[in-house]
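Here's the letter readout for the chains.
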Amino acid sequence: MKNEIYGIRTVLEAIESGQSIEKIYAKVNLSGELFNQLRKTAKNHNIPILKVPLERINKFTTGNHQGVVAIVSPVNYHNIENIVEDVILSGKEFFIIVLDGITDVRNFGAIARTAEAAGVHAIVIPEKGSAPVNSDAIKTSAGALFRIPVCRVAKPWYTLKFLKEKDAKIIAITEKTDTDYKSINYKGNLVLIFGAEDKGISPQLLKMCDLKAAIPTKGKTASLNVSVAAGIVIFEAVSNV
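Participant: Would you take a moment to explain helix H4 (residues 80–89) for this structure?
Facilitator: The periodicity of an α-helix, 3.6 residues per turn, causes residues three or four places apart in sequence to face the same way. Along H4, the residues classified as buried are Ile80, Ile83, Val84 and Val87. When H4 is viewed along its axis, its buried side chains cluster within an angular range of 95 degrees and face the same direction. What points out from H4, more than 90 degrees from its buried face, is the exposed set Asp86 and Leu89. Buried residues in H4 make contact with strand E5 (95–100), strand E6 (122–126), strand E7 (150–153) and helix H7 (156–165). Among the residues of H4, the N-terminal cap falls to Asn79, whose side-chain oxygen and the backbone nitrogen of Glu81 are separated by 2.9 Å. Where H4 ends, the next residue or the one after it, Gly91, has phi of about 85 degrees, a positive value.

Participant: What's the story with the pairing of E5 in this structure? I'm lost.
Facilitator: Within a regular strand, side chains alternate between the sheet's two faces. With six of six residues buried, E5 is to be regarded as a mostly interior element. Burial of the side chains of E5 extends over both faces: Phe95, Ile97 and Leu99 are buried on one face and Ile96, Val98 and Asp100 on the other. Of the pairings in the sheet, the one linking E5 to strand E9 (residues 190–195) comprises six bridges and is parallel in character. When the bridges of E9 are listed, Leu99 appears paired with Phe194.

Participant: I tried to follow the sheet that holds strand E1 (residues 3–6) on my own but got confused; where do I start?
Facilitator: Strand pairing in a sheet relies on backbone hydrogen bonds, with the paired strands running either antiparallel or parallel. Pairing within the open sheet is mixed, and its four strands lie in the order E1-E4-E2-E3. If you trace the sheet from one side to the other, it starts and ends with E1 and strand E3 (49–52), each paired once. Adjacent strand axes in the sheet meet at a mean angle of 25 degrees, parallel and antiparallel pairs treated alike. Of the strands in this sheet, E1, strand E2 (21–27) and strand E4 (68–72) touch helix H1 (residues 8–16), which is tilted by about 120 degrees from E1.

Participant: Can you help me understand the nonpolar core in this one?
Facilitator: Side chains that are nonpolar tend, in soluble globular proteins, to be buried together. Formed by 38 residues in total, the largest nonpolar core has its most connected members in Ile97, Leu192, Phe194 and Ile234. Elements supplying a minimum of two residues to this core: E5, helix H5 (105–118), E6, helix H6 (135–140), strand E8 (169–173), E9 and helix H9 (226–240). Not counting chain neighbours up to four residues away, the residues in contact with Leu192 comprise Phe95, Ile96, Ile97, Val98, Ile171, Ile173, Tyr186, Val233 and Ile234. Counting residues in each nonpolar core, the second largest holds 24 residues, with Ile96, Phe162, Leu163 and Leu205 among its members.

Participant: Could you clarify how one ought to interpret the side chain of Ser141 in this entry?
Facilitator: Mapped onto the elements, Ser141 comes out in the loop between H6 and E7. Apart from the residues within four sequence positions on either side, Ser141 is in contact with Gly109, Ala112 and Arg113.

Participant: Honestly, the confidence of the model for the protein in this entry has me stumped. Any pointers?
Facilitator: Close inspection of predicted coordinates is inappropriate for parts of the model with low pLDDT. In this model, the protein carries a mean pLDDT of 92, and residues with pLDDT of at least 70 account for 99%. Within the protein, the element-level pLDDT minimum falls on E1, averaging 88, and the maximum on E5, averaging 98.

Participant: What's the story with the packing of aromatic side chains in this structure? I'm lost.
Facilitator: For any pair of aromatic rings, geometry is given as the distance between the ring centres together with the angle between the planes. Applying the stated criterion to the full structure yields two aromatic pairs. For the ring pair Trp157 and Tyr158, a centre distance of 5.8 Å and an interplane angle of 90 degrees mean the geometry is edge-to-face. Residue classification places Tyr158 among the partly exposed positions, given a relative accessible area of 47%. Sitting above the plane of the Tyr77 ring, Arg152 keeps its charged end 4.3 Å from the centroid.

Scoring rules and cut-offs
- Residues numbered from 1 in each chain as written.
- Predicted model: local features only at pLDDT ≥ 70, side-chain atom pairs only at ≥ 80, totals over all residues.
- Heavy atoms only, no water.
- Buried < 20%, exposed > 50% of the residue type's maximum accessible area, 1.4 Å probe, protein only.
- Helix = DSSP H or I, 4+ residues; strand = E, 2+ residues; numbered from the N terminus.
- Arc of directions from axis to C-beta.
- Contact = heavy atoms within 4.5 Å.
- Polar contact = N/O pair within 3.5 Å; in protein donor to acceptor, adjacent residues only side chain to side chain.
- Pairing = 2+ DSSP bridges.
- Axes fitted to C-alpha atoms, helices over the stretch in contact; angles between N-to-C directions.
- Core = buried A, V, L, I, M, F, W, Y, C linked by side-chain atoms within 4.5 Å.
- pLDDT = per-residue confidence, 0-100.
- Phe/Tyr/Trp six-rings, centres within 6.5 Å; stacked < 30°, edge-to-face > 60°.
- Lys NZ or Arg CZ within 6 Å of the ring centre and 35° of its normal.

Next up, the structure:
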């Protein structure tokens, strides 16, 4: 399900033609006018470029790769601003999920499956430090990643700023609070943020939240798997609307 394309000009033309690129691998110390153009274009499209040794590039292909290989995403990425504006114009309230630093593809796929089933309008992921949208993620999502818009952004805090300007209530799901998730009013434009299991939600994003909510546990296990937590809170939010 995942394809590679190689060669600086080929990758550049793929981006400019609207192809969704997951990431670009570039040889360390690669330079030149054409590569600089590729780097600028990739930045404008929120496509990460990873600098790697030549040996890593050669593992992808023995063709004339010119030090560049791109991974083509099996899904098309969407623009969060356009999605939100369309929902508002339709007279509805939007429901957005933000995933901060979730790198496990199975957790990502499971959350996408739940979100799509609950009618969430979009999932926002950071350009860097996020699980790839690959065949494992799509399989775990039961194909939901083909149906729910995924928005990849360079600066999640900037996206939250935009959503705040659209009157969104931003809620962090974190164990670092005593507020029970069932006590929250989820009505209105809603954004739920879920963080990585090891680090949680970044302090920068936590500062932008209106509320924090936790799922109480009764056993000795202090927290739930993030995909399980997402399922519980997402459907609690839906039932409150």
